[in-house]
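Observations on the three-dimensional arrangement
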Amino acid sequence: MNINLTLIGQMIAFVCFVLFCMKYVWPPIVAAMAEREKKIADGLAAADRASHDLELAKEKAVERLKEAKEEASGIVESANKRANQIVEEAKGAALVEAERVKASAQAEIEQETNRAREQLRSQVAALSLAGAEKVLGAAIDREAHADLVDKLASEL
Amino acid sequence: MAGENQTVSEYIVHHLTNLTFGKLPAGFERYDGSIVADGGAWVMAHGGDEASAMGFSAIHVDSMIWSIGLGILFCWLFRKVARNAESGVPSGIVNALEMIIEFVDNTVRDTFHGRNPLIAPLALTVFVWVFLMNLMDLIPVDLIPSLLTLFGVEYQKIVPSTDPNITMGMAVGVFILMLYYSVKVKGFGFVKELTLNPFNHWLFIPINLFMEVVGLLAKPFSLGLRLFGNMYAGEMIFILIAALFSAGVAWMVPAGLLQIGWAIFHILVITLQAFIFMVLTIVYLSMAHEDH
């Protein structure tokens, strides 16, 4: 428990270590720590900015989506309209065609009927002539009674 | 442990004796009966009597070696981190040391309001160095002295902070800094502070001077002796517990438990004492910087 030269030795060592710490230890570590602090602060700020940007982008995306939906529904609507129109047109065309076919068929039928009628008429005339010939006994002159026969045929 | 041919008190005294190298005065009768020749002799002291006879011209070799060794350990460790310091993600020991540095930095910022690039590194050195010196207390008291005895080293105190020379050496270092900054910052104001405080009248100058000087001198003493006292007491209890082991087989278990308990408690003490030393250093230097 004696006070002796150890005290002086310790003082010298103390001074040396403090100077060493002051020169070679403290400044680089504290500088690195300060730099890291700044980096982290910058990073946090950037993250904040990014999240803000994300928010904006989300809003934009929602807006775009809405627009796109509207556009799409417009397109669908017009397509539907157009389809209806096409169907209507087709319907009209089909009706016209049907009408036309019907008309031509009717005309044909009429024609056929007329032809059949003419044929029938001429056959009836011939038959009635033959009948009359048979009744009158070939006395009737074909030429002389042609008028009469035609008249008769036309009445059929 | 106390040997067969050693009483408990001899054991304790042995553990409290530093390995001392110094100059014995002429005419001193040494332990083996030889008389020191004229002009004295530089020798390793053999026992406390010889160490005391050496007076001031002696040096505690063990305290110096451990203290400087631990100081170098501190410098090496922190320098290693400082050299690789970068702003990237820290890991492992870098994290731990940066935590200490941040802690010291915050303490300095809270206490010291001036601008002085010396204070923070000084506080860091004081804190870590004192902590390391105190930490030696947790090494079993007999381990290193016994090992060294095998190599012929008679005495060994491995806890430098149980040596008043070591603690007072640091305290005096701080005291010199205090005086230096007091004079540098306050100039003549420092003299006024010593003479015209607390009674601001020229008649009271001697009384003021006496009180202020006592107050001023109390600072380094409180700083150094507090650390010394705490660590010395702690060391003493470790030695007493170690002496218990020799009291008989029945004492082994309670002594072991006491040893563990005191060691755990001592972890708190060594950290706290290092912290107190650091804070008082900062506070005293802060006072030296402040003008009233």
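For the structure, check the block above.
Description of the structure in this document. It should be emphasised that the depicted structure is a prediction, and the values quoted were computed from it without experimental measurement.

Rules used in this analysis
Residues numbered from 1 in each chain as written. Chains lettered and ligands numbered in written order. Predicted model: local features only at pLDDT ≥ 70, side-chain atom pairs only at ≥ 80, totals over all residues. Heavy atoms only, no water. Disulfide = S-S within 2.5 Å. Buried < 20%, exposed > 50% of the residue type's maximum accessible area, 1.4 Å probe, protein only. Pairing = 2+ DSSP bridges. Helix = DSSP H or I, 4+ residues; strand = E, 2+ residues; numbered from the N terminus. Axes fitted to C-alpha atoms, helices over the stretch in contact; angles between N-to-C directions. Contact = heavy atoms within 4.5 Å. Buried area = accessible area lost by both parts, 1.4 Å probe. Polar contact = N/O pair within 3.5 Å; in protein donor to acceptor, adjacent residues only side chain to side chain. Nonpolar A, V, L, I, M, F, W, Y, C, P; charged D, E, K, R; others polar. 1 Å grid on protein atoms, 1.4 Å probe; cavity = no way out; pocket = protein on both sides within 12 Å on 5 of 7 lines; lining within 4 Å. Points joined across faces, edges and corners; volume = space filled by probe spheres on them. Core = buried A, V, L, I, M, F, W, Y, C linked by side-chain atoms within 4.5 Å. Expected span 1.5 Å × (residues − 1).

Below, the discussion takes up the state of the cysteines. Per the stated rule, a full pass over the model turns up zero disulfides over all chains. With no disulfide partner, C21 of chain A has as its closest neighbouring cysteine sulfur the one in C75 of chain B, 7.0 Å distant. Note on C21 of chain A: relative accessible area 0%, which makes it buried.

Residue and element names in this part refer to chain B. The strand order β2-β1-β3 describes an open sheet built from three strands, whose pairing is antiparallel. Among the strands making up the open sheet, the edge pair consists of β2 (41–44) and β3 (58–60). Taken over all neighbouring pairs, the strand axes of this sheet differ in orientation by 15 degrees on average, direction set aside. Both strand β1 (residues 20–24) and β2 contribute to a ladder of four bridges, which runs antiparallel. Paired with G22 across the strands is V43, a residue of β2.

In many reports, interface size means the accessible area that the parts give up when they come together. Contacts between the two partners involve 29 residues from chain A, matched on the other side by 53 residues from chain B. Summing the contributions of chain A and of chain B, the shared interface buries around 3700 Å²; its carbon and sulfur component is 75%. It is F14, F17 and W26 of chain A in chain A that bury the most area against chain B; as a group they hold 20% of the surface buried on that side. The tally of links from chain A across to chain B stands at eight residue pairs in polar contact (both at pLDDT 80 or more). Broken down by class, the residue content of the side of chain A that touches chain B amounts to 21 nonpolar, five polar and three charged.

Residues and elements named next belong to chain B. Applying the stated criterion across every chain, the model contains one cavity of 30 Å³ or more. Volume-wise, the largest cavity comes out at about 60 Å³. In this structure, the largest cavity is lined by H15, I139, V141, P145, Q156, K157, I158 and E235. Split into classes, the residues belonging to the lining of the largest cavity amount to four nonpolar, two polar and two charged.

Right, let's talk about the nonpolar core for a bit. Judged by nonpolar contacts, the single largest core of 64 residues is most densely connected at F78 and L124 of chain B. Of all the secondary-structure elements, those providing two or more residues to this core are α1 (5–136) of chain A together with α3 (61–83), α4 (93–111), α5 (119–135), α7 (164–186), α8 (188–195), α9 (205–244) and α10 (252–289) of chain B.

Before going further, it helps to examine α5 of chain B. The terminal C-alpha atoms of α5 of chain B lie 24 Å apart, and with 17 residues this matches the ideal 24 Å at 1.5 Å per residue to within 8%. Along α5 of chain B, 15 of the 17 residues are buried, which leaves the element largely enclosed by surrounding structure.

This part covers the side chain of H60 of chain B. Relative to the elements of secondary structure, H60 of chain B occurs in strand β3. Taking relative accessible area as the criterion, H60 of chain B reaches 1% and is therefore assigned buried. Within the structure, the side chain of H60 of chain B is placed 3.2 Å from the side chain of N4 of chain A, a separation counted as a polar contact. At 3.3 Å, the side chain of H60 of chain B forms a polar contact with the side chain of N165 of chain B.

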